[in-house]
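Each chain is listed here by its residues.
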Amino acid sequence: MTQVLPQTAQIVIRSIQYRDLETVERLSEAETDRDRVDDPTDAEKPAKALSFRPWRGLKKALSLVWTPSQQTFGAYLADQDNQLRGMIRISPFNRTRSTWRVDRVAVVHSVEQPTDMPADASPEPSKLPPKLSLATVGSQLLRHCFEKIWEARTWLLEVDVNDTALLALYRQNGFQPLAQMTYWMLAPEQLQEIAEREPDLPNLLPISNADAQLLYQLDTAAMPPLVRQVFDRHVLDFKTSLLSSLMGGVKNWFTHAETVSGYVFEPQRKAAIGYFQIRLCRDGAQPHQAQLTVHPAYTWLYPELVSQMARITQEVPPQTLELASSDYQPEREEYLERLGANRVAHTLMMSRSVWHKLRESKLPMALDSLQLSEVLQGFKPARKPVPGRMALLRLWNQSTTDPKADVNTMPRNDSPAGGATQGNKPLINLPTPTEFSDPPQEGPCC
């Protein structure tokens, strides 16, 4: 579905640059404050601003010696008359880069005044640029990403169910619901109570790159086919490279965080049946975040894995623990409800596929103008065909069976052993009787 944009909205979409970082951060903070005002119950939830400039000095130093791929982190801005009107942030979802994720779309709702104008003066309405809605700017940003990222076959995003404006924008641009996500929070008191129970996990093993195949099989079995097709994960997605592990260690050192993970191994089936990963905050500034995957046939592992994670959180300052569940995991939601977890957010996961049409070059002469004789001209032989063995054999049989055949067309014996050539004499001379009447019959003996 193609949207017709107004002619007055002359928007230029370009990639983000270093000079745009401050403006983008202000826009991100404004969007975060607006989300908090719209949802007063989210006052205790930490801000999830788009931080485009973490460790600015370190990034500037690394950019002098190492420049990562621009497609690993993508941000595009919408400019109108040298003023920022919107931005979009995208990132690849898997290692094969066949699925990309829309992290956020933001639009500037207020137009900045020119710097040379006094603060108390109000500009004329005719000189102000027209106000652009989220549907107008967001659609152009999304369409630009669809056309720019040619390797992306599927796009994925997650939006709050209460944000009607973003839901309308994504539906207008072809996104369809994929799954419903629910985010839960366990209080420190609840974690301390759960940690008192000893988990029964005899085959709990640490994770390494050698276990990538087992984790891939577990991830495949834990989700429905449609979600599996959209995610398009492979064994490579569960391996960690040396560079990624170094960058992750530097990030954890700056943010005072630590990542602990493990999986449950089934020795009879030789398969992984449960997996957990928890990101601990050592200074207590942010809540702990956990990721949980359980095989559908082993739902009894939920209490054991949650107890194991609760015991791990007792080694750091007390803080809440965040978990997520989807609508295709009803056993997890039932267990969290029995546990007394608090629902903090409800989002909708949406996806859409993109088919890039190849540009066809027009031929100098249309195919419709060609006549049938011109089309069949290429099927005619270019020269007279050379007779083969079957033609010579057919000619020999005809000459031997038909005495009236032209003997001049038959091959001649030009062998020098005979002394002289035979001329037009045929090779075989058979006597031909001139009278074909029956011989006279003899009378009876007397």
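Residues numbered from 1 in each chain as written. Predicted model: local features only at pLDDT ≥ 70, side-chain atom pairs only at ≥ 80, totals over all residues. Heavy atoms only, no water.

### Some words on the overall build of the chain
Here comes step 1: The number of helices and strands found in the chain is 12 helices and 12 strands.
Here comes step 2: The proportion of buried residues among the 446 residues of the chain is 33%.
Here comes step 3: Taking as baseline every contact in the chain between residues at least 6 positions apart, the subset at least 24 positions apart corresponds to 73%.
Here comes step 4: Just so you have it, the chain exposes about 30,000 Å², and 54% of that area is on carbon and sulfur atoms. (Helix = DSSP H or I, 4+ residues; strand = E, 2+ residues; numbered from the N terminus. Buried < 20%, exposed > 50% of the residue type's maximum accessible area, 1.4 Å probe, protein only. Contact = heavy atoms within 4.5 Å. Areas by Shrake-Rupley, 256 points an atom, 1.4 Å probe, with all protein chains shown as cover.)

### Here's the deal with the nonpolar core
Here comes step 1: Counting 29 residues, the largest nonpolar core has Ile-88, Ile-90, Val-102, Trp-155 and Tyr-170 as its most contacted members.
Here comes step 2: When contributions to this core are tallied by element, the ones reaching two or more residues are strand S2 (74-80), strand S3 (83-92), strand S4 (99-107), helix H3 (134-148), strand S5 (154-160), helix H4 (164-172) and strand S12 (342-353).
Here comes step 3: Broken down by element, the residue count for this core peaks at six residues, all from H3.
Here comes step 4: With 28 residues, the next largest nonpolar core counts Leu-201, Ala-290, Leu-305 and Leu-336 among its residues. (Core = buried A, V, L, I, M, F, W, Y, C linked by side-chain atoms within 4.5 Å.)

### Brief notes about helix H5 (residues 188-195)
Residues spaced three or four apart along an α-helix face the same direction, because each turn holds 3.6 residues.
Here comes step 1: Buried residues of H5: Leu-191, Ile-194 and Ala-195, and no others. Looking straight down H5, one finds its buried side chains confined to an arc of 100°; they lie on one side. In H5, the exposed residues that point more than 90 degrees away from the buried face are Glu-189 and Glu-193. (Arc of directions from axis to C-beta.)

### Description of a nonpolar patch on the surface
Here comes step 1: Judged by side-chain polarity, Val-250, Trp-253 and Phe-254 come together as a nonpolar surface patch covering roughly 320 Å² of accessible area.
Here comes step 2: Mapping Val-250 onto the fold places it in helix H8 (residues 242-255).
Here comes step 3: Val-250 sits in the partly exposed class, given a relative accessible area of 34%. (Patch = residues over 30% accessible without salt bridge, like charges linked within 9 Å, V, L, I, M, F, W, Y side chains within 5 Å. Salt bridge = Lys/Arg side-chain N within 4 Å of Asp/Glu carboxyl O.)

### Points about the packing of helix H9 (residues 301-313) against helix H10 (residues 330-339)
Here comes step 1: Where H9 meets H10, the axes come as close as 10 Å, and the angle between the chain directions of the two elements is 55°. On the basis of their axis angle, the class for H9 and H10 is oblique. Here H9 runs over H10; the crossing is right-handed. Counted together, Tyr-302, Pro-303 and Val-306 of H9 and Glu-331, Arg-332, Tyr-335 and Leu-339 of H10 form the full contact between these two elements.
Here comes step 2: Looking at the contact of H9 with H10, its residues break down into five nonpolar, no polar and two charged. (Axes fitted to C-alpha atoms, helices over the stretch in contact; angles between N-to-C directions. Parallel < 35°, antiparallel > 145°, perpendicular 65-115°, else oblique. Left-handed = near helix turned anticlockwise from the far one by under 90°. Nonpolar A, V, L, I, M, F, W, Y, C, P; charged D, E, K, R; others polar.)

### Some thoughts on the sheet that holds S5
Here comes step 1: Read from one edge of the open sheet, 12 strands run S1-S2-S3-S4-S5-S12-S6-S11-S10-S9-S8-S7, paired in mixed fashion. If you trace the sheet from one side to the other, it starts and ends with strand S1 (12-15) and strand S7 (204-205), each paired once.
Here comes step 2: Where S4 lies against S5, four bridges are found, and the strand directions are parallel. Its bridge partner lying in S5, Arg-101 is registered against Leu-156.
Here comes step 3: Across the sheet, H5 lies against strand S6 (176-186) and strand S11 (321-326), angled at about 80° from S6, the strand it touches most. (Pairing = 2+ DSSP bridges.)

### So, the pairing of S3
Here comes step 1: Counting buried residues along S3, eight of its 10 residues qualify, which places the element largely inside the surrounding structure.
Here comes step 2: Where S2 meets S3, seven bridges bridge the pair, whose relative direction is antiparallel. Residue pairing in the sheet places Tyr-76 in a bridge with Ile-88 of S3.
Here comes step 3: Linkage of S2 to S3, two consecutive antiparallel strands, is achieved through a turn of two residues, within which Asp-81 is found at a positive phi near 55°.
Here comes step 4: Pairing between S3 and S4: seven bridges, direction antiparallel. Bridged to Gly-86 within S4 is Val-107.
Here comes step 5: Here S3 hands over to S4 after six residues, with Arg-97 in that stretch at a positive phi of 60°.

### A closer look at the pattern of salt bridges
Here comes step 1: Inspection of every chain in the model, using the stated rule, returns 10 salt bridges.
Here comes step 2: The residue Arg-89 makes a salt bridge to Asp-103 at a minimum N-O spacing of 3.7 Å. Linking Arg-89 in strand S3 with Asp-103 in strand S4, this pair joins segments that are 14 residues apart in sequence.
Here comes step 3: Accessibility expressed as a relative area gives 31% for Asp-103, which makes it partly exposed.
Here comes step 4: Close ionic contact of Arg-197 with Glu-304 constitutes a salt bridge, the shortest N to O distance being 2.5 Å. Of this pair, Arg-197 sits in the loop between H5 and S7 while Glu-304 sits in helix H9, and the two are 107 residues apart along the sequence.
Here comes step 5: Arg-197 sits in the partly exposed class, given a relative accessible area of 38%.
Here comes step 6: A network of salt bridges, in which partner residues are shared, links Arg-89, Arg-101 and Asp-103.

### Focus: the side chain of Arg-352
Here comes step 1: Summarising the element assignment, Arg-352 is placed in strand S12.
Here comes step 2: It turns out Arg-352 is buried and unbridged, and the closest side chain with the opposite charge, Glu-147, is 9.9 Å from it.
Here comes step 3: In this structure the side chain of Arg-352 is engaged in a polar contact, spanning 2.7 Å, whose partner is the backbone oxygen of Asn-173.
Here comes step 4: When sequence neighbours within four positions are dropped, the list of residues in contact with Arg-352 reads Arg-143, Phe-146, Arg-153, Thr-154, Trp-155, Asn-173, Gly-174 and Phe-175. (Lys, Arg positive; Asp, Glu negative; His and termini not counted. Polar contact = N/O pair within 3.5 Å; in protein donor to acceptor, adjacent residues only side chain to side chain.)

### Observations concerning the packing of aromatic side chains
Here comes step 1: Tallied over the full model, the rule gives eight aromatic pairs.
Here comes step 2: Taken together, a centroid distance of 4.9 Å and an interplanar angle of 50° make the contact between Phe-93 and Phe-231 tilted. You can see Phe-93 sitting in the loop between S3 and S4 and its partner Phe-231 sitting in helix H7 (residues 225-231), a full 138 residues away along the chain.
Here comes step 3: Given a relative accessible area of 7%, Phe-231 falls into the buried group.
Here comes step 4: In this structure, Arg-352 packs its charged tip against the face of Phe-146, placed 4.7 Å from the ring centre. (Phe/Tyr/Trp six-rings, centres within 6.5 Å; stacked < 30°, edge-to-face > 60°. Lys NZ or Arg CZ within 6 Å of the ring centre and 35° of its normal.)

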